[in-house]
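Structure assessment
Residue strings, one per chain:
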Amino acid sequence: MDMKLINIGFGNIVAAHRIIAIIGPESAPIKRIIQEGKERGVVIDATYGRRTRAVLIVDSGHIILSAIQPETIANRLYQAGAEEQEDTVQGEDEE
C-alpha cells in the first residue's frame with residue numbers, strides 16, 4: 001500500500017488515510033472542539049498565523065488547523081484517490 005500524502009498548505013503534509021473529517025471552523029461546536037483540543041494539547045496549528053479555514057480531524061484524535069479551504073483539501077484527497085485507482089487499473093492491464 002502506497003501512503004498518499006496531502007498538502008494542507010505552506011509545505012505541511014498529512015497522511016491521507018489518517019483523515020477522518022475536514023470541517024469549516026465557523027460553527028460554535030467546532031470552535032469548542034478546537035478550544036478543548038488546545039487545552040488537551042492535541043491541536044496542530046499549520047496556518048502560519050493566517051486565518052483558519054479548515055479543521056482536519058485525524059484518527060489519532062489530533063486536530064489540525066489549516067489556512068486552506070476545506071474544498072481545496074477535499075479535491076486534493078479526491079485526486080490522490082483517483083491517481084491510486086488509475087495506478088491499480090494500469091497494473092491490472094499490464095498483467
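Up top is the structure these notes are about.
Residues numbered from 1 in each chain as written. Predicted model: local features only at pLDDT ≥ 70, side-chain atom pairs only at ≥ 80, totals over all residues. Heavy atoms only, no water.

1. Some thoughts on the overall build of the chain
Looking only at helices and strands, one finds two helices and six strands in the chain. For the chain, the succession of helices and strands along the chain, N to C, is β-β-β-α-β-β-β-α. Seen through its C-alpha atoms, the chain measures out along the principal axes to roughly 55 × 25 × 20 Å. Taking all 95 residues of the chain together, 31% fall into the buried category. Considering only intrachain contacts with a sequence separation of at least 6, the fraction spanning at least 24 residues in the chain is 50%. When the accessible surface of the chain is totalled, it reaches about 6,300 Å², and 48% of it is carbon and sulfur. (Helix = DSSP H or I, 4+ residues; strand = E, 2+ residues; numbered from the N terminus. Buried < 20%, exposed > 50% of the residue type's maximum accessible area, 1.4 Å probe, protein only. Contact = heavy atoms within 4.5 Å. Areas by Shrake-Rupley, 256 points an atom, 1.4 Å probe, with all protein chains shown as cover.)

2. A look at the nonpolar core
Residues Ile8, Val14, Leu56, Ile64 and Ile73 are the most contacted members of the largest nonpolar core, which totals 13 residues. With three residues, the top contributor of residues to this core is strand β5 (residues 54-58). Leave out the neighbours within four places in its chain, and isoleucine 8 touches Ile13, Val14, Ala46, Leu56, Ile64, Ser66, Ile68, Ile73 and Arg76. (Core = buried A, V, L, I, M, F, W, Y, C linked by side-chain atoms within 4.5 Å.)

3. Re the side chain of threonine 47
Structurally, threonine 47 is set in the loop between β4 (43-46) and β5. Classification of threonine 47 by relative accessible area gives buried; the value is 2%. Here aspartate 45 takes part through its side chain, which lies 2.5 Å from a polar atom of the side chain of threonine 47. Excluding residues within four positions of it along the chain, threonine 47 makes contact with Phe10, Thr52, Leu65, Ser66 and Ala67. (Polar contact = N/O pair within 3.5 Å; in protein donor to acceptor, adjacent residues only side chain to side chain.)

4. Considering the pattern of salt bridges
For the coordinates displayed, the defined rule picks out one salt bridge. Taking the shortest distance from any N to any O, the salt bridge between aspartate 59 and arginine 18 comes out at 2.5 Å. Here arginine 18 lies in the loop between β2 (12-15) and β3 (19-23) and aspartate 59 lies in the loop between β5 and β6 (63-66), a separation of 41 residues in the sequence. On the basis of relative accessibility, which here comes to 44%, the residue aspartate 59 falls in the partly exposed class. Note on arginine 18: relative accessible area 34%, which makes it partly exposed. (Salt bridge = Lys/Arg side-chain N within 4 Å of Asp/Glu carboxyl O.)

Shape descriptors only; they carry no functional weight alone.
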